[in-house]
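# Fold and geometry: a report
These are the residues of each chain, in order.
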Amino acid sequence: MTVAVYLPLEEKTRWWVDQLSELLPGRNVWPLDAVTDPEAVRYAVVWRPRTGDIARFPNLRAVVSIGAGIDHVLADEELPSGIPIIRTTGRDLTQRMREYVALHVLRHHRDMPRQLRAQAEKDWHAIVVPVAPSRTVGVMGLGNLGAAAAKTLAGLGFATRGWSRSGRDIPGVETFAGADGLDDFLAGCEILVNLLPLTGETHGILDESLFGRLAPGACIVNCARGPHVVDDDLLSALRSGQVKQATLDVFHQEPLPVDHPFWSHPAITVTPHVASQIDPGTGARLIAENIKIFDTTGTCEDLADAARGY
Ligand code: NDP
Ligand code: OXD
């Protein structure tokens, strides 16, 4: 049985091949491009595979995403239909996302960008903001990461809302469901965190219409996927003041092109898709475990619903 591994960077592929070889004794683990017997491949472990990479293997049992999102796998137009896709999640991923969300929501809440501008001008300018319970924050997407982020924000005392497709009960969080619940979720929301998966329904959801339904001067934290945002709409909402600041971790094109206006925008903080990177050691163990479980049972907890897109 062969496991084929692909990541866009060759040295990273090598690293994952070495780790998985150790963790999956008795299996042949190969860089996808070095596979000489495609019929022997049962699992493809990938991050952003190229079109046709997966279709090369006629006896594949599952694709494993080196990440929580599966949009990068579904983007392959030649992906065999019905192939199971296993995501990679885990406690480390959730912990890192909680840290990122807490950091950036608190930063917007306490208006740190303005405080730092005052420091640059040697201006003793005390900024007094409302206490967290008087600040409404909203989390879009209440899956592994969104629910953990919402609980963290509620734990910090924020008036916390959450929005998901089917609705969810989370203690201390006011939750809303589906398209019908979106207006009420957004109304009065002052800091918005996006943790939705990228699907046909959520593509471009952070647009002019959505920004216009938030509280005036709201802040955005996007740590899900770049194509959730309509870039020009965000820039014009920042120009008009409807959106005051944005923290963006993910972009339509990554790395973000050097001439993209987000890089130098005074109200935008850019981070390079680091909100919650999979810890390689833990990630490899989770992937090896999922492959072993799937191989014996034909399923596993991290199996995504490819038809739904997440
Ligand atoms: P999950 O699949 O666990 O949860 C997705 C959530 O989004 C669910 O609550 C789901 O609702 C909700 N949702 C999906 N579609 C819709 C919709 N149309 N309307 C409303 N709600 C919707 O995802 P994770 O929490 O594991 O991850 C979320 C995303 O975060 C990933 O897909 C990935 O893009 C991104 N990510 C970013 C990282 C980074 O470093 N920047 C790291 C890891 C992930 P329901 O509960 O009803 O199904
Ligand atoms: C993921 C990511 O999906 O890193 O896990 O974005």
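Residues numbered from 1 in each chain as written. Chains lettered and ligands numbered in written order. Predicted model: local features only at pLDDT ≥ 70, side-chain atom pairs only at ≥ 80, totals over all residues. Heavy atoms only, no water.

Turning to the sheet that holds strand S12 (residues 268-270), a few remarks are in order. Strand pairing in a sheet relies on backbone hydrogen bonds. The paired strands run either parallel or antiparallel. Spatial ordering of the open sheet is given by S8-S7-S6-S9-S10-S11-S12, a layout of seven strands whose pairing is parallel. The two strands at the open ends of the sheet, each matched to only one other strand, are strand S8 (173-177) and S12. Pairwise comparison of adjacent strand axes, ignoring direction, gives a mean angle of 15° for this sheet. In this sheet, strand S10 (residues 218-222) lies alongside strand S9 (residues 191-194) in parallel orientation, the contact comprising four bridges. Paired with Asn194 across the two strands is Asn222, which belongs to S10. Set on the sheet, helix H6 (residues 178-186) makes contact with strand S6 (136-140), strand S7 (159-164), S8 and S9; between it and S7 the angle comes to about 160°. (Pairing = 2+ DSSP bridges. Helix = DSSP H or I, 4+ residues; strand = E, 2+ residues; numbered from the N terminus. Axes fitted to C-alpha atoms, helices over the stretch in contact; angles between N-to-C directions. Contact = heavy atoms within 4.5 Å.)

Attention shifts here to the sheet that holds strand S4 (residues 62-65). An order of S2-S1-S3-S4-S5 is seen for the five strands of this open sheet, with the pairing classed as parallel. Each end of this open sheet is capped by a strand with a single partner; those strands are strand S2 (28-31) and strand S5 (85-86). As paired strands, S4 and S5 are joined by two bridges and run parallel to one another. Its bridge partner being in S5, Val64 is matched across the sheet by Ile86.

Here the focus is the domain arrangement of the protein chain. Domain parsing of the protein chain yields domain 1 (2-88 + 278-297) and domain 2 (94-270). Computed over C-alpha atoms only, the centres of domain 1 and domain 2 are separated by 32 Å. On the side of domain 2, five residues touch domain 1, which itself brings six residues to the contact. Summed over both partners, the interface of domain 1 with domain 2 comes to about 480 Å²; 32% of that surface belongs to carbon and sulfur atoms. Here domain 1 is connected to domain 2 by two salt bridges. Glu254 is the partner of Arg48 in a salt bridge, and the nearest nitrogen-oxygen pair spans 3.1 Å. At the junction of domain 1 with domain 2, the criterion picks out two residue pairs in polar contact (both at pLDDT 80 or more). The residue inventory of the side of domain 1 that touches domain 2, partitioned by class, reads one nonpolar, one polar and four charged. (Domains from an automatic or database assignment. Buried area = accessible area lost by both parts, 1.4 Å probe. Salt bridge = Lys/Arg side-chain N within 4 Å of Asp/Glu carboxyl O. Polar contact = N/O pair within 3.5 Å; in protein donor to acceptor, adjacent residues only side chain to side chain. Nonpolar A, V, L, I, M, F, W, Y, C, P; charged D, E, K, R; others polar.)

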